[in-house]
Amino acid sequence: MNIDFSRLYGNQTLLTMLSSKMEAASFAHAYLLEGPVGSGKKTLAFLLSAAICCQSPHKRPCGECPSCRKIYSAQSPDLYTVALDGLPLNSSKDIPESIMDPIPNSIGVDIIRSLRSDIYIKPNDLDKKLYIIAHADRMTEAAQNALLKVLEEPPGTAVFFLLCENRRNLLPTVLSRVQQLRMEIFDDETLHSVLTKHDTLARETARKDDTLLRRYIKLSGGTVGRTLRYLQSTPKELRADTLYTAYENAVLCLDTVFSDDAPSSSPVLQKRKGLSRPTRTELLRYLATHAGTRDAMRALIDQLCSALRDLTVCIDTSEIPLLFYPQAEQPSALAERCDRRRLVRTCQRLSALRRNIDFNANLSLLQAELVQTLFSIRARN
Ligand SMILES: [Zn+2]
């Protein structure tokens, strides 16, 4: 039997381990896949699901037999998916990014109860009942306890995949019932070579404009998924510029927020003449010119949310990879000056602001709110 995981790039150690488990038929009944947005958690969950149920005698998953096809298109009653937005997942749909859009904020107990009522029904057209829970770390405590009951004594037909960004949000009792796997995060060079080796679009982009590809990679937090999402977005040039400007603007915003007790050494700040230590008013004036469109504001808020998420990761002294800051030392110093609850609240306010972009005609009002919200991060104001 040949186990074929070639649809997932990188992650070699993980895949070798999973292949040998599958060949030895010692596959666990519940897996936790941890990694940031775009790191391949959902891809791996669908691959494993298909590999478990595939009917091909040669390689698994074949991608062509009825079972594989039903799983990839999420067209089987035996595949049960849970996501924050309440909509079904399939192998090609992006998981909604929780950090960008935290509403609904959590997965409640009712959702897990209805999952539980499904679990004792016999499989219909697959060999197993497959449960993929995206944002598992957003389950409420009650929901986690409800899930725990089936994780402790699952029927032999059930296999669970819990996808999460941060396992620390899960109860230790839940963690002890699942096999924990961490997705690989690539450095810029490795990601570049992985993508140009496996992906046609990336290879083409590298040939035409390698700087563009490298920019996307830099903004991707070391993940294949995010880079591909940027590559597939159109029009490409505009998107790359908007994104990169958003990244620079986010650095400038955060430097301004933190600049009153330490002069910034940020290269972005040094580049902006006359803005070596901008005040709130100067920052607002700057955003009016450099983030003057709805797209620019959306992109800026996305970058800011990634940065704030990194700061909470540093406060948690968690080992999970950073998305915005290239090195752990940078945000650690900033994180010391922040309060975790304020960070989370600020992130939620920013996301609400992002949703308002489409409804609120007045961009300068939005920018003023953005700056005011940002200044509330600081523990001492
Ligand atoms: Zn198959």
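Residues numbered from 1 in each chain as written. Predicted model: local features only at pLDDT ≥ 70, side-chain atom pairs only at ≥ 80, totals over all residues. Heavy atoms only, no water.

### Some remarks on the sheet that holds strand β2 (residues 30–34)
Sheet strands line up and pair through hydrogen bonds in the backbone, either parallel or antiparallel.
Next up, step 1: The strand order across the open sheet built from five strands is β4-β5-β6-β2-β7, with neighbouring strands paired in parallel fashion. In this open sheet, the two strands that pair with only one neighbour each are β4 (79–82) and β7 (179–182). The mean angle between the axes of side-by-side strands here comes to 15°, regardless of whether they run parallel or antiparallel.
Next up, step 2: Summarising the sheet, β4 and strand β5 (residues 129–133) pair through four bridges and their orientation is parallel. The residue of β5 that forms the bridge with Val82 is Ile133.
Next up, step 3: Docked against the sheet, helix α1 (residues 12–23) engages β2 and β7, running at close to 145° with respect to β7.
Next up, step 4: Along the sheet, helix α5 (residues 141–152) makes contact with β2, β5 and β6 (158–164), crossing β6 at roughly 140°. (Pairing = 2+ DSSP bridges. Helix = DSSP H or I, 4+ residues; strand = E, 2+ residues; numbered from the N terminus. Axes fitted to C-alpha atoms, helices over the stretch in contact; angles between N-to-C directions. Contact = heavy atoms within 4.5 Å.)

### Let's talk about the packing of helix α7 (residues 188–198) against helix α8 (residues 200–219)
Next up, step 1: One way to put it is that α7 packs onto α8 with a least axis distance of 10 Å and a crossing angle of 160°. Relative to α8, the element α7 is oriented roughly antiparallel. In this structure, α7 crosses over α8, and the sense of that crossing is right-handed. For the pair α7 and α8, the contacting residues are Asp188, Glu189, Leu191, His192, Leu195, Thr196, Lys197 and His198 in the first and Thr200, Ala202, Arg203, Ala206, Asp210, Leu213, Arg214, Ile217 and Lys218 in the second.
Next up, step 2: Class assignment of the residues belonging to the contact of α7 with α8 gives a composition of six nonpolar, four polar and seven charged. (Parallel < 35°, antiparallel > 145°, perpendicular 65-115°, else oblique. Left-handed = near helix turned anticlockwise from the far one by under 90°. Nonpolar A, V, L, I, M, F, W, Y, C, P; charged D, E, K, R; others polar.)

### Points about helix α12 (residues 280–290)
Next up, step 1: Leu283, Tyr286 and Leu287 are the residues of α12 that are buried. For α12, the angular spread of the buried residues around the axis is 100°, confining them to a single face. Of the residues in α12, the exposed ones pointing more than 90 degrees away from the buried face are Arg285 and Thr289. (Buried < 20%, exposed > 50% of the residue type's maximum accessible area, 1.4 Å probe, protein only. Arc of directions from axis to C-beta.)

### Describing the packing of α8 against helix α9 (residues 224–232)
Next up, step 1: Between α8 and α9, the shortest axis-to-axis distance is 10 Å and the interhelical angle comes to 120°. Classified by the angle between their axes, α8 and α9 sit oblique to one another. The element α8 and its partner α9 pack so that their crossing is right-handed. Between α8, through Leu201, Ala202, Thr205, Leu213, Tyr216, Ile217 and Leu219, and α9, the contact on the second element is made entirely by Arg226, Thr227, Tyr230, Leu231 and Gln232.
Next up, step 2: Residues of the contact of α8 with α9, tallied by class, amount to eight nonpolar, three polar and one charged.

### Observations regarding the coordination of the zinc ion
Next up, step 1: Protein ligation of the zinc ion involves Cys54 (SG), Cys62 (SG), Cys65 (SG) and Cys68 (SG), the donor distances falling in the range 2.2 to 2.3 Å.
Next up, step 2: Seen from the zinc ion, its four donor atoms lie at angles of 105 to 117°, and the figure they make is tetrahedral.
Next up, step 3: Judged by its relative accessible area of 0%, Cys68 is buried. (Donors = N, O, S within 2.8 Å, 3.2 Å for Na, K, Ca; no water. Tetrahedral: all angles 85-135°; square planar, octahedral: opposite > 155°, others 65-115°.)

### Here we look at the pattern of salt bridges
Oppositely charged side chains can form a pair if their charged atoms are brought close together.
Next up, step 1: Per the stated rule, a full pass over the model turns up 13 salt bridges.
Next up, step 2: Two residues, Asp295 and Arg298, come together in a salt bridge whose shortest N-O distance is 2.8 Å. Pair noted here: Asp295 and Arg298 are both in helix α13 (residues 294–315), with a separation of three residues, about one helical turn.
Next up, step 3: On the accessibility criterion, Asp295 (48% relative accessible area) is partly exposed.
Next up, step 4: For Arg298, a relative accessible area of 19% gives the class buried. (Salt bridge = Lys/Arg side-chain N within 4 Å of Asp/Glu carboxyl O.)

### Brief notes about the nonpolar core
Next up, step 1: In this structure, Leu254, Leu300, Leu304, Leu350 and Leu370 are the most contacted members of the largest nonpolar core, which totals 59 residues.
Next up, step 2: Take this core: its biggest share by element is 11 residues, from α13.
Next up, step 3: Those residues within four positions of Leu370 in sequence are excluded, and the remaining contacts are Leu287, Met297, Leu300, Ile301, Leu304, Leu350 and Leu353.
Next up, step 4: Leu33, Ala134, Val159 and Met183 belong to the second-largest nonpolar core, a separate cluster that totals 36 residues. (Core = buried A, V, L, I, M, F, W, Y, C linked by side-chain atoms within 4.5 Å.)

Note that all results are geometric; they support no functional claim without further evidence.
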